[in-house]
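Topology and contacts: notes
Given next are the chains, with one letter for each unit.
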Amino acid sequence: MRRPVVAGNWKMHGSRAENTRLINAILEASDEPACEVIVCPPAVYLWEIGRQLKDNRIALGAQTLCADSQGAFTGEVSGAMLKDVGASHVIVGHSERRALYREDDALVARKFVAAQAAGLLPILCVGETLEEWERGDTEQVVARQLDAVLAVAGVASFGRAIVAYEPVWAIGTGKNATPDQAQAVHAFIRARIAARDAMIGDGLRLLYGGSVKAANAAELFGQPDVDGGLVGGASLKADEFVRICAAATSGRA
Ligand code: PGA
């Protein structure tokens, strides 16, 4: 049985005070969550938010990392640094990083490896753009993104990772994939990993991301290959986020 996971990607939002308020509200509103919950605040707030998560009910994740471990990489943050300030997870290959900062499949694969080398659990994002979706290229794109990581890191590395399917056309648009659409792509991803190692494919946790909210979470998470969500906008509202976490738990009950 795969334990459900909900990760909140706060992106570049909020101040120190606002993010502290947000995490306190989430902690207050959530009982002992039966699913795994991860929050991913902006890098500069990781340490402080981590202090507030002291009982480890909620895990701390970063939104990206440098592919290199140290040196002359102005402005970058290494996996070891993230680990040092208390992160246990890191998002790798988010579509905003791929599109806005030109992170290609090869760089994403290097970041995946760097995350694991630092002892972090990567949350690898894959997903097609609107154009690719309309052309019917979803499986081809997702396969290419997965294969790039498999080629460098090997299938065993997926035993220490989470994969998030995030159709780019659904991110921040209010337009989520239907549960059937999400399930079809999740099944495809699982089968692709399982073809190389059945046990790792079966145990791999697959999150759906793209306009997840409390109103659609239960239906999405109720799909057999959807093990939770990667939540952007709705993770900035404590009540909404806690309701999404509850849906992840009950969806699998
Ligand atoms: P969204 O973002 O929930 O706001 O669509 C998801 C994401 O970017 O991970």
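One structure accompanies this document, and this report is about it. (Residues numbered from 1 in each chain as written. Predicted model: local features only at pLDDT ≥ 70, side-chain atom pairs only at ≥ 80, totals over all residues. Heavy atoms only, no water.)

**Regarding the overall build of the protein**
Which entries qualify depends on this criterion: Where helices and strands are cited, they refer to DSSP runs of H or I of at least four residues and of E of at least two residues respectively, numbered from the N terminus. Here the globule rule is a power law, 2.2 Å times the number of residues to the power 0.38, and the radius of gyration is based on C-alpha atoms. Throughout, exposure labels follow a simple rule: accessible area from a 1.4 Å probe, protein chains only, divided by the maximum for the residue type, with under 20% read as buried, over 50% as exposed, and the rest as partly exposed. Residues count as neighbours in contact if any of their non-hydrogen atoms are within 4.5 Å of one another. Here the accessible surface of atoms and residues is derived via Shrake-Rupley with a 1.4 Å probe, and residues count as covered only by protein chains that are part of the display. When charges are counted, Lys and Arg are positive and Asp and Glu negative, with His and the chain ends excluded. Just so you know, the charge point we use is NZ for Lys, CZ for Arg, CG for Asp and CD for Glu.
If you tally the helices and strands in the protein, you get 11 helices and 8 strands. The C-alpha atoms of the protein give 17 Å as radius of gyration, which agrees with the globular expectation for 253 residues (18 Å, within 12%). Along the three orthogonal principal directions, the C-alpha set of the protein runs to about 45 × 45 × 35 Å. For the protein, the residues scored as buried account for 55% of the 253 residues in total. Pairs at least 24 apart in sequence give 73% of the contacts found in the protein among residues at least 6 apart. About 11300 Å² of surface is accessible on the protein, with carbon and sulfur atoms providing 53% of the total. Within the protein, one finds 26 positive and 30 negative side-chain charges whose respective centroids are separated by 3 Å.

**Looking at unusual backbone geometry**
Positioned with a positive phi, lysine 11 is a non-glycine residue whose angle comes to about 50 degrees. Secondary-structure assignment places lysine 11 in the loop between β1 (5-9) and α1 (16-29). With a phi angle near 60 degrees, serine 211 is a residue other than glycine that sits in the positive phi range. The residue serine 211 is located in the loop between β7 (205-209) and α10 (214-221) in this model.

**Overview of the packing of helix α5 (residues 105-117) against helix α7 (residues 138-153)**
Rule in force here: The angle between two axes is taken between their N-to-C directions and runs from 0 to 180 degrees, where each axis is a line fitted to C-alpha atoms and a helix contributes only its stretch in contact. Throughout this description, any angle smaller than 35 degrees is read as roughly parallel, any larger than 145 degrees as roughly antiparallel, any in the 65 to 115 degree range as roughly perpendicular, and the remainder as oblique. Crossings are classed by handedness, with left-handed meaning an anticlockwise turn of the near helix from the far one by less than a right angle and right-handed meaning a clockwise turn. Ten residue types, Ala, Val, Leu, Ile, Met, Phe, Trp, Tyr, Cys and Pro, are classed as nonpolar, four, Asp, Glu, Lys and Arg, as charged, and the remainder, Gly among them, as polar.
Taken N-terminus to C-terminus, the directions of α5 and α7 make an angle of 50 degrees; their axes are 9 Å apart at the nearest point. With respect to α7, the axis of α5 lies oblique. For the pair α5 and α7, the sense of crossing is right-handed. Between α5 and α7, the residues in contact are Asp105, Ala109, Phe112 and Val113 and Arg144, Gln145, Ala148, Val149, Val152 and Ala153, respectively. Class assignment for the residues of the contact of α5 with α7 results in 7 nonpolar, 1 polar and 2 charged.

**Concerning the environment of arginine 3**
Considering the arrangement of structural elements, one finds arginine 3 in the segment before β1. Placed 46 residues apart in sequence, arginine 3 and isoleucine 49 show a C-alpha to C-alpha distance of 24 Å.

**Quick notes on the packing of α7 against helix α8 (residues 179-194)**
Viewed as axis vectors pointing N to C, α7 and α8 meet at an angle of 35 degrees, and their least axial separation amounts to 11 Å. By crossing handedness, the relation of α7 to α8 is classed as right-handed. Seen from α7, the contacting residues are Thr138, Glu139, Val142, Ala143, Leu146, Asp147 and Leu150; seen from α8, they are Val185, Phe188, Ile189, Arg192 and Ile193. For the contact of α7 with α8, the residue count by class is 8 nonpolar, 1 polar and 3 charged.

**Some points on the sheet that holds β7**
Rule in force here: By definition, two strands form a pair when at least two bridges between them are found by DSSP.
One closed barrel holds the 8 strands; their spatial order is β1-β2-β3-β4-β5-β6-β7-β8, and the pairing between them is parallel. Going across the sheet, the axis of each strand differs from the next one's by a mean of 25 degrees, ignoring polarity. Inspection of the sheet shows strand β2 (residues 36-40) paired to strand β3 (residues 59-62) by 2 bridges, in the parallel sense. In the sheet register, isoleucine 38 faces β3, and the bridge partner there is alanine 59. Running at roughly 160 degrees to strand β5 (residues 121-126), α5 makes contact with β4 (89-92) and β5 of the sheet.

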